Amino acid sequence: MQHLPTPTAARLRRPSWRDSRLVVGVLLVLLAATLGARLVAGLDDRVPVYVASRDLVVGDPVDAAALTRVDVRLDGDVAPYLSAGSALGPDQFVLRDIRAGELVPRAAVGSGGSLDVQLVTVGVATLSATGLHSGSLVDVFLSDVPAGSEHGTKPTARRVLEGVGVSAVLGASGSFGTAAQTSVQVFVPRAKVKDLIEAVDGGANITLVPVAGPTVGARS
């Protein structure tokens, strides 16, 4: 009778650093940890800045109602934009028009002493004020009869201001038998304030014409 060889139990060996599978596994773990760390670091690159809560025009005060804080990740330098990491300073105003949702440039905000506009309230025909709101840009036209004209001469209109910002549209007023008037507050360049007031006092009618295109933008 032939005897079969006695089977020998295989011994399990401890994995060693020479085991290629172990090395690959460790490398995969390290790679995943590195990628995860980079992802977290990328999220941490976001910085707090301000965006305009609404359309802002030159002369508008810069306060908590005008701005909204957002955390963004910028590819370039964050320095050109107004940081939301610290409180807003007092006596701050808009120095150039800013669209709603636009990142607020530092150069677009400054003290009242940097402003070259004054707030003037004008009365216009209610129809002329239709559709206007805070942040609108308008051209200002004066309609009057030139001095020294003959009796019966029709008034002529001329544009005296271009792209001035509207601060507020106030309530309408008027009595029976007279055309309704609406008071509108506009930011007028300081050098033009005197001429505008004198023209109105002289009987000129004011018409506000919305600027075509975006609500706010570069002035002409």
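Sequence order sets the numbering: in each chain, residues are counted from 1 along the sequence as written. Given that the model is predicted, a residue must reach a pLDDT of at least 70 before its local features are reported, and side-chain atom pairs must reach 80 or more before they are shown or counted; all residues, however, enter totals for whole chains, interfaces and linings. The side-chain quantities take in all heavy atoms of the structure and omit both hydrogens and water.

Topic: the confidence of the model for the protein
Spelled out, the test is: Confidence of the predictor in every single residue is expressed as pLDDT, which spans 0 to 100. The numbering of helices and of strands both runs from the N terminus, where a helix is a DSSP run of H or I of at least 4 residues and a strand a run of E of at least 2. When checking whether two residues touch, look at their non-hydrogen atoms; a contact exists if any pair is within 4.5 Å.
When pLDDT is averaged along the protein, the result is 81, and 74% of the positions lie at 70 or above. Ranking the elements of the protein by mean pLDDT puts helix α1 (residues 20-43) last, at 69, and strand β8 (residues 181-189) first, at 94. Within the model, pLDDT remains below 50 along residues 215-220, and this stretch shows 22 contacts once partners closer than five positions in the same chain are excluded.

Here we look at the nonpolar core
Generally speaking, nonpolar side chains in soluble globular proteins are found buried as a group. Quick reminder of the rule: Definition of nonpolar core: a set of buried residues of the types Ala, Val, Leu, Ile, Met, Phe, Trp, Tyr and Cys, connected through side-chain atoms within 4.5 Å. The buried label goes to any residue with under 20% of its type's maximum accessible area, the exposed label to any with over 50%, and the partly exposed label to all in between, with areas taken from a 1.4 Å probe on protein chains only.
By size, the foremost hydrophobic cluster in this structure holds 20 residues, and its most contacted members are Val 124, Val 140, Val 184, Val 188, Leu 196, Ile 206 and Leu 208. Every element with two or more residues in this core is listed here: β5 (117-125), β6 (137-144), β7 (156-173), β8, α3 (190-201) and β9 (205-210). Setting aside residues up to four positions removed in sequence, Val 184 forms contacts with Val 120, Thr 121, Val 122, Val 124, Ala 129, Val 166, Ala 168, Val 169 and Leu 208. With 13 residues, the next largest nonpolar core counts Leu 67, Ile 98, Val 104 and Val 109 among its residues.

With respect to the pattern of salt bridges
Spelled out, the test is: We define a salt bridge as a contact between a side-chain nitrogen of Lys or Arg and a carboxyl oxygen of Asp or Glu at a distance within 4 Å.
Inspection of the entire model under this criterion finds seven salt bridges. Note that Arg 159 and Glu 162 form a salt bridge whose closest N and O atoms lie 3.9 Å from each other. Take Arg 159: its relative accessible area is 45%, and that puts it in the partly exposed class. Overall, Glu 162 belongs to the partly exposed group, its relative accessible area being 42%.

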